[in-house]
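An overview of the molecular structure
One-letter residues, chain by chain:
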Amino acid sequence: MALSPQLDALHDRVRLYAPGGLPVPLDAAGVRHLVRRLTWGESPGLLEEVRRDPQAWFDAQLDPSRVDDSACDGYTARFTKVRRSIAEVRAQDKNGSWDTMSELGWLTTARYAWSRRQLFEVVCDFWSNHLNVTNPSSDVWDSRHDYDAAVIRRHALGSFEEMLVASAKHPAMLRYLDNTSSTKKAPNENYAREVMELHTVGVGAGYGEAGVRAAARVLTGLTVGKDGTYAYDPSRHDTSAASVLGWSTPAHSAADGEAVATSLLRHLARHSATATAVARKLAVRFVSDDPPASLVSRLAGVYTAAGTQVVPVLKALFTSDEFWASAGQKTRRPLEGFIATVRMTGSTPGDAGRGGIDDLYWQTRELGQAPLAWAPPNGYPDVAAAWRSAGGTLSRWNESTKVVNGWWPNKLARLPDKSLLPSPLPTTFGALVDALVLRLLGRPATATERAALLAFTEHGAGDALKSTDQWVGWRLNSVVTTILNSPGHMER
């Protein structure tokens, strides 16, 4: 039985405020917003999949084990070096070999481009930057792949507290930030400084140099053994009393040093300043470069109440009014724009060997944003101002143009060029431009975009379009490239 418009509206409001739910039903703009923020870009059929049942898609993305990812698993199964233990890498490779780290870069590129567990891959990228260990870099040649699996991917949608402790005790982090060489006679402050400034409470928390020195002494003894794995060495541990941001320890035995260090790390993970720092960073990633303080405060409260669990914070974020009011307030970083182009064209790895995945990775280096490769410990920046560069924009245009036209990587399997054309073919150039922008950008063309594309084709909106025209033939990819290199494509 049909309901009155008033009852329809009432039902929509009830669904809008369902606890933990999305504001369904979503219109086309809402679906586009959700997909652009929670994925690496639209792929053929994704918008329609989300449109059918946004809540079901969202719930599955937060529980990625429910999402069949067999196709991507098939692509990543081609890389076997990354599946080895630290001991196997050390036994089988030359000391300092970059082979396994190279595979990790290729594997990560493939997951971003083709995994159906898209939110998981976005969140893994977020934590990889938050707890950055540069890949590749010489000191972690034997362990960086294990850090990705055992720290980032294991805890990305779990407990931040557990992820922080796992990170602190992993040989990759211990070597990257020098804690492996820290001793009671010569404490190295590098990791202690970054764990507070970047990983947890932030520089404004008030710990000062005295806090850094105290934390460095507490963390002595966490090191790397001769076999390349984590080890606690009591002979290196400073057993004196210490206090840091409301946490303290009396003088203790060396045997208790590991438990004392772990206690400090857990205190930092649960600290209210960490809750605010993590909440704000997630809001910067998913809402805007300068997110509302009210949203950050609410997310910090969820983080604390949930015992540092990540999923409750994400649910609160994605169901917030601020998230849904933020369309157009984020810009894709170069890597996202490039991966989104790969996904939009429907390209997949070729059947043989690496199938062009490694070539895609090398292209991301041309953009200045290869996955996991940021050298400083603070991770790739996630605000638009950091990426404003004529040279960077030109590099992205060049690499995206190669992908759209199939020039490089030439090993990728590509859909037919004309698969992007609407069926039936529009009868005018104006309708053609409108259809291509809607398909490639997920929204109607603006007046500026429409005028620019019509000028590019040297046709008016009402000019008749024939199936034999060059703009739906050999020059179609020129129009597609122009759209995918436009500012509209870079909206996150």
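First, a word on scope: everything that follows refers to the structure included in this document. (Residues numbered from 1 in each chain as written. Predicted model: local features only at pLDDT ≥ 70, side-chain atom pairs only at ≥ 80, totals over all residues. Heavy atoms only, no water.)

When you go through the protein residue by residue, the secondary structure sums to 24 helices and four strands. For a compact globule of 492 residues, the expected C-alpha radius of gyration is about 23 Å, and the protein comes in at 25 Å, within 12% of that figure. Dimensions of the protein along its principal axes, counting C-alpha atoms only, are 85 × 60 × 40 Å. In the protein, which comprises 492 residues, the share counted as buried stands at 54%. Expressed as a percentage of contacts within the protein between residues at least 6 apart in sequence, the contacts between residues at least 24 apart total 70%. Total accessible area on the protein is roughly 20,300 Å²; 54% of this is exposed by carbon and sulfur atoms. Each charge class in the protein can be summarised by its mean position, and for the 54 positive and 52 negative side chains these summaries are 1 Å apart. (Helix = DSSP H or I, 4+ residues; strand = E, 2+ residues; numbered from the N terminus. Rg over C-alpha atoms; globule rule 2.2 N^0.38 Å. Buried < 20%, exposed > 50% of the residue type's maximum accessible area, 1.4 Å probe, protein only. Contact = heavy atoms within 4.5 Å. Areas by Shrake-Rupley, 256 points an atom, 1.4 Å probe, with all protein chains shown as cover. Lys, Arg positive; Asp, Glu negative; His and termini not counted. Charge placed at Lys NZ, Arg CZ, Asp CG, Glu CD.)

Moving on, we get to helix α14 (residues 257-270). One full turn of an α-helix is made of 3.6 residues, so residues set three or four places apart face in the same direction. Taking 1.5 Å of rise per residue, 14 residues should cover 20 Å, and α14 covers 20 Å from first to last C-alpha, within 8% of that figure. Within the span of α14, buried status applies to Gly-257, Val-260, Ala-261, Thr-262, Leu-264, Leu-265, Leu-268 and Ala-269. (Expected span 1.5 Å × (residues − 1).)

Compared with an ideal rise of 1.5 Å per residue, which puts 15 residues at 21 Å, helix α15 (residues 272-286) spans 21 Å between its outermost C-alpha atoms and is within 8% of the ideal. Here α15 has its buried residues at Ala-273, Thr-274, Ala-275, Val-278, Ala-279, Leu-282, Ala-283, Val-284, Arg-285 and Phe-286.

Moving on: the packing of helix α7 (residues 99-114) against helix α20 (residues 357-367). At a minimum axis separation of 9 Å, α7 and α20 run at an interaxial angle of 95 degrees. In this view, α7 runs roughly perpendicular relative to α20, as classed from their interaxial angle. Together, Gly-105, Trp-106, Thr-109, Ala-110 and Trp-114 of α7 and Ile-357, Asp-358, Leu-360, Tyr-361 and Trp-362 of α20 make up the contact between the two elements. Considering only residue class, the contact of α7 with α20 consists of seven nonpolar, two polar and one charged. (Axes fitted to C-alpha atoms, helices over the stretch in contact; angles between N-to-C directions. Parallel < 35°, antiparallel > 145°, perpendicular 65-115°, else oblique. Nonpolar A, V, L, I, M, F, W, Y, C, P; charged D, E, K, R; others polar.)

This part covers empty space enclosed by the protein. By the definition in use, this model includes two cavities of 30 Å³ or more. The space that makes up the largest cavity amounts to roughly 90 Å³. Lining the largest cavity we find Met-344, Thr-345, Gly-346, Ser-347, Val-404, Arg-414, Leu-415, Pro-416, Asp-417, Ser-419, Leu-420 and Asn-477. When the residues that make up the lining of the largest cavity are grouped by side-chain class, the tally is five nonpolar, five polar and two charged. Counted as a void, the second largest cavity has a volume near 50 Å³. Taken together, Thr-108, Arg-111, Tyr-112, Glu-121, Cys-124, Asp-125, Ser-128, Asp-148, Arg-153 and Leu-372 make up the lining of the second largest cavity. Sorting the residues of the lining of the second largest cavity by element identifies α7, α8 (118-130) and α9 (144-155) as the ones contributing at least two each. In terms of residue count, the dominant contributor to the lining of the second largest cavity is α8 (four residues). (1 Å grid on protein atoms, 1.4 Å probe; cavity = no way out; pocket = protein on both sides within 12 Å on 5 of 7 lines; lining within 4 Å. Points joined across faces, edges and corners; volume = space filled by probe spheres on them.)

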